[in-house]
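Here is how the chains run, residue by residue.
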Amino acid sequence: AYLYLKKRTRMSAFPEEDYYALFHLAEVTERLSESDPENYTWDEAMSYYMKAYSMRPHRAEPLVRLADYYIR
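What counts as what
- Residues numbered from 1 in each chain as written.
- Predicted model: local features only at pLDDT ≥ 70, side-chain atom pairs only at ≥ 80, totals over all residues.
- Heavy atoms only, no water.
- Helix = DSSP H or I, 4+ residues; strand = E, 2+ residues; numbered from the N terminus.
- Rg over C-alpha atoms; globule rule 2.2 N^0.38 Å.
- Buried < 20%, exposed > 50% of the residue type's maximum accessible area, 1.4 Å probe, protein only.
- Contact = heavy atoms within 4.5 Å.
- Areas by Shrake-Rupley, 256 points an atom, 1.4 Å probe, with all protein chains shown as cover.
- Phe/Tyr/Trp six-rings, centres within 6.5 Å; stacked < 30°, edge-to-face > 60°.

Peer 1: Summarise the overall build of the protein chain; cite the residues concerned and give the values.
Peer 2: A tally of regular secondary structure across the protein chain gives 4 helices and 0 strands. Along the protein chain, from the amino end to the carboxyl end, the secondary structure elements read α-α-α-α. For the protein chain, whose C-alpha radius of gyration is 12 Å, the value lies close to the compact-globule estimate of 11 Å for 72 residues. Along the longest, intermediate and shortest principal axes, the C-alpha atoms of the protein chain span 30 × 25 × 15 Å. Burial status across the protein chain gives 35% buried among its 72 residues. The contacts of the protein chain with a sequence gap of at least 6 include a subset with a gap of at least 24, amounting to 49%. When the accessible area of the protein chain is evaluated, it comes to approximately 4,800 Å², of which 59% is carbon and sulfur surface.

Peer 1: Give me the packing of aromatic side chains: which residues, what numbers.
Peer 2: Scanning the entire structure with this criterion turns up 8 aromatic pairs. When the ring of Trp42 is compared with that of Tyr69, the centres are 3.6 Å apart and the planes differ by 10 degrees; the resulting orientation is stacked. Of this pair, Trp42 sits in helix α3 (residues 42–55) while Tyr69 sits in helix α4 (residues 61–71), and the two are 27 residues apart along the sequence. For Tyr69, a relative accessible area of 29% translates into the label partly exposed. Taking the centre distance of 5.1 Å and the plane angle of 90 degrees together, the rings of Tyr69 and Tyr70 count as edge-to-face. Here the aromatic cluster, defined as three or more aromatic residues joined through ring pairs, consists of Tyr19, Tyr20, Phe23, Trp42, Tyr49, Tyr69 and Tyr70.

Okay, here's the thing in structure tokens:
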């Protein structure tokens, strides 16, 4: 999923689809950073969350995921 989502984020299409690709890439990267911290990092996941948020600032999901991470 990680590789295909990275490819999808390089494409430009409907803005909502672009947002979802970034958001899901962030989720996948976050999970991979927990299971394989040598190859994936929280910083990478956080940058994808922030890109998704900057693309659609009226969507709260990226901010909720960031808050959840820091609360844990």
